[in-house]
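Listed below, chain by chain, are the residues.
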Amino acid sequence: MTGRPGRAARSGRGGRSGGQAGAGDLLALVRNGRAVTRGALQQATGLSRATVGQRLDRLFRAGWLREGAGGPVDSPLGGRPSITLEFDDSHAVVLAADLDTRHARAAVLSLTGEILAEQAGTLVVEEGPEAVLGELGGWFEELLTKAGHRAEEVCGIGLAVPGPVDSETGRVVQPPIMPGWDGYDIRGRMSRVFTERTGAPAIPVLVDNDANLMAYGEQRTGYPGCTAFVLVKVSTGIGAGVVVDGSIYRGVDGGAGDIGHIRVGADALCRCGSRGCLAAVASGGAVARRLAASGVPATSGSDVRDLLAAGHPEAAALAREAGRQVGDVLATVVTLLNPGVLMIAGDLAGTPFLTGVRELLYQRALPRSTAHLDVVTSRLGDRAGLVGAGALVVEHLYAPERVEERLAAMGV
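These figures come from a predicted structure and were not determined experimentally. (Residues numbered from 1 in each chain as written. Predicted model: local features only at pLDDT ≥ 70, side-chain atom pairs only at ≥ 80, totals over all residues. Heavy atoms only, no water.)

## Things to note about the sheet that holds strand β12 (residues 247-248)
Hydrogen bonds between backbone groups are what pair the strands of a sheet, and the pairing can be parallel or antiparallel. If you trace the five strands from one edge of the open sheet to the other, you get β12-β11-β10-β13-β14, paired in mixed fashion. With one partner strand each, in any of the chains shown, β12 and β14 (374-377) form the two edges of the open sheet. Taken together, the two bridges between strand β11 (residues 238-244) and β12 define a ladder with antiparallel strand orientation. Among the inter-strand pairings, V244 is bridged to a residue of β12, identified as S247. (Pairing = 2+ DSSP bridges. Helix = DSSP H or I, 4+ residues; strand = E, 2+ residues; numbered from the N terminus.)

As structure tokens, then:
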């Protein structure tokens, strides 16, 4: 679902008829920049000029492709410049939301990831999926008005949630910090809410783990050449997203990256019911509890973030200690995956925590594993999950095989 652009064109899957590249394959080649003129498409696919023209015509009629400026003249004899082709991102928009335990952020995005309108506010996941998704539907309705777009222009919705997700069904699986959400039909409910609120036809809804989508958004926008990318989100809980060769790595049923429940030897009780989980001793929630026990008002990772921003010394000391505990676990993660980029994100992703991570990571990991490793903080900040959720929808809807299905349904 989130495979590398153009994969179908290379592998012979999706959008091909009798082994030939279809309209979806041509669109993928244009979108990823591998072939942006008619001549280049002929070379890349082996199709005749007439066949390329016929398949491009379908994309033009759908409004998905447009002609850009003239490119350089390829022939040494001169002549007219080749007309370039561009993905037309003006024909639709995407809705995206990133749910945390007590807060949420939602946006309208263009098909190329530009945020057109945005809203953030309190939305408590413990109130359950019916209430949360219903409220989110109201946010989406307001955002579309703010962005100046009609509901009929929305091609899909992407949701980031703070729990493990089965990507085939879009349902969360035994989420430790999302009571009442286990196995719930998020896709169906969100689609119904959108239709009820706007009167627009049903649209696809895609759901994934928040750390996965943050990693996807950050890797695509800031580190597209990194073939092994790891993002660790440390907020009320702890989770990791892994992007390998441009695709989210989810494991067999969506459980990959759940490092917050690795046992670290402590006796603290975790919200999952076990003792000694990393999240129970080093998450924003754990730091907040320790601060509260010493008389500092804090109940969540966002409270800790505010204290760190204000330069609170005890919060900084505890964040650095939490970073060391997470860094100890990340030494194993880095040794196993050998990533090029390790990104720290979330409420605790500041200097004290990052310092603690580096102290233990470089002490415990093999030098071979860290020789070409960049340890960085988030570039997109609070918008990473939104950008990743939007990209997930776009890559799903404009995958070559799905392009063919959608064009056929449109009658073009």
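Once the structure has been displayed, the description carries forward.
## Concerning the packing of helix α2 (residues 23-31) against helix α15 (residues 400-410)
Between α2 and α15, the least distance of the axes is 7 Å, while the angle of their chain directions is 125 degrees. Classed by the angle they form, the pair α2 and α15 counts as oblique. Viewed along their axes, α2 and α15 form a crossing whose handedness is right-handed. Seen from α2, the contacting residues are A23, G24, D25, L27 and A28; seen from α15, they are P400, V403, E404 and L407. In terms of residue class, the contact of α2 with α15 is made up of six nonpolar, one polar and two charged. (Axes fitted to C-alpha atoms, helices over the stretch in contact; angles between N-to-C directions. Parallel < 35°, antiparallel > 145°, perpendicular 65-115°, else oblique. Left-handed = near helix turned anticlockwise from the far one by under 90°. Contact = heavy atoms within 4.5 Å. Nonpolar A, V, L, I, M, F, W, Y, C, P; charged D, E, K, R; others polar.)

## A few points about the environment of R290
Turning to its location among the elements, R290 is positioned in helix α9 (residues 284-293). Taking the relative accessible area as the measure of exposure, R290 reaches 39% and is therefore partly exposed. Spatially, the C-alpha atoms of R290 and V124 are 22 Å apart, while their sequence positions differ by 166 residues. (Buried < 20%, exposed > 50% of the residue type's maximum accessible area, 1.4 Å probe, protein only.)

## As for the layout of surface pockets
In this structure, the largest pocket occupies an estimated 590 Å³ of space. Lining the largest pocket are 39 residues, and of these P162, I177, T236, G237 and I238 lie nearest its centre. Of all the elements in the fold, those that place two or more residues in the lining of the largest pocket are α7 (210-222), β11, α8 (278-282) and α9. Per-class residue counts for the lining of the largest pocket are 15 nonpolar, 16 polar and eight charged. Considering only enclosed or pocket space, the second largest pocket measures out at about 500 Å³ in volume. (1 Å grid on protein atoms, 1.4 Å probe; cavity = no way out; pocket = protein on both sides within 12 Å on 5 of 7 lines; lining within 4 Å. Points joined across faces, edges and corners; volume = space filled by probe spheres on them.)

## Overview of the pattern of salt bridges
Here the idea is simple: oppositely charged side chains can pair when their charged atoms come close. Across all of its chains, the model carries 25 salt bridges by this definition. Between E118 and R105 there is a salt bridge, and its shortest N-O distance comes to 2.9 Å. Taken as a pair, E118 in strand β5 (residues 115-122) and R105 in strand β4 (residues 103-110) lie far apart in primary sequence, 13 residues in all. For E118, a relative accessible area of 17% translates into the label buried. A salt bridge links E126 to R271; the nearest nitrogen and oxygen atoms lie 2.8 Å apart. With a gap of 145 residues between them, E126 in the loop between β5 and α5 (129-147) and R271 in the loop between β12 and α8 connect regions that are remote in the sequence. The class for E126 is partly exposed, based on a relative accessible area of 48%. One network of salt bridges, with partners in common, ties together R105, E118, R305, D347, D382 and R383. (Salt bridge = Lys/Arg side-chain N within 4 Å of Asp/Glu carboxyl O.)

## Regarding the nonpolar core
Counting residues in each nonpolar core, the largest one holds 37 residues, and the members touching the most others are V232, L291, L330, L342, F353 and L361. Among the elements of the structure, β10 (228-234), β11, α8, α9, α10 (301-309), α11 (313-337), β13 (341-345) and α12 (351-364) are those that each provide at least two residues to this core. With 10 residues, α11 is the single largest residue contributor to this core. Contact partners of V232, with chain neighbours within four places excluded, come to I238, G239, A240, I259, L330, L342, M343, I344 and A345. With 36 residues, the next largest nonpolar core counts A97, L99, V108 and Y184 among its residues. (Core = buried A, V, L, I, M, F, W, Y, C linked by side-chain atoms within 4.5 Å.)

## Observations concerning the packing of aromatic side chains
In this description, an aromatic ring pair is defined by two values, namely the gap between the centres and the angle between the planes. The full count for this structure, using the stated rule, is three aromatic pairs. Ring geometry for Y223 against F229: centres 5.7 Å apart, planes inclined by 40 degrees, an arrangement best described as tilted. Lying across the ring of F87, R31 places its NZ or CZ 5.2 Å from the centre. A cation sits over an aromatic face here: R406 above Y398, 4.7 Å from the ring centre. (Phe/Tyr/Trp six-rings, centres within 6.5 Å; stacked < 30°, edge-to-face > 60°. Lys NZ or Arg CZ within 6 Å of the ring centre and 35° of its normal.)

## What about the pairing of β10?
Within β10, seven of the seven residues are buried, which leaves the element mostly enclosed by the surrounding structure. Where burial is concerned, the two faces of β10 agree: the one with A228, V230, V232 and V234 and the one with F229, L231 and K233 are both buried. Both β10 and β11 contribute to a ladder of seven bridges, which runs antiparallel. What sits directly across from V232, in β11, is A240. Counting the residues that bridge the hairpin from β10 to β11 gives three residues. Examined bridge by bridge, β10 and β13 share five bridges and lie parallel to one another. Across the sheet, F229 pairs through a bridge with V341, a residue of β13.

## Quick look at the confidence of the model for the protein
Model confidence for the protein is summarised by a mean pLDDT of 91, while 92% of its residues fall at 70 or above. For the stretch residues 1-18, pLDDT sits under 50, and the model shows 47 contacts to residues farther than four places along the chain or on other chains. (pLDDT = per-residue confidence, 0-100.)

## With respect to the packing of α2 against helix α4 (residues 49-62)
Between α2 and α4, whose axes approach to 9 Å, the crossing angle comes to 80 degrees. Accordingly, the angle class assigned to the pair α2 and α4 is roughly perpendicular. Residues A23, L26 and L27 of α2 touch α4, and the partners they reach there are V52, R55, L56, R58 and L59. Counted by class, the contact of α2 with α4 contains six nonpolar, no polar and two charged residues.

## Describing the environment of L27
Within the secondary structure, L27 sits in helix α2. Under the relative-accessibility criterion, L27 is labelled buried at 0%. Spatially, the C-alpha atoms of L27 and A160 are 27 Å apart, while their sequence positions differ by 133 residues. Discounting chain neighbours no more than four positions away, the residues touching L27 are L59, W64, L65, F87, Y398 and V403.

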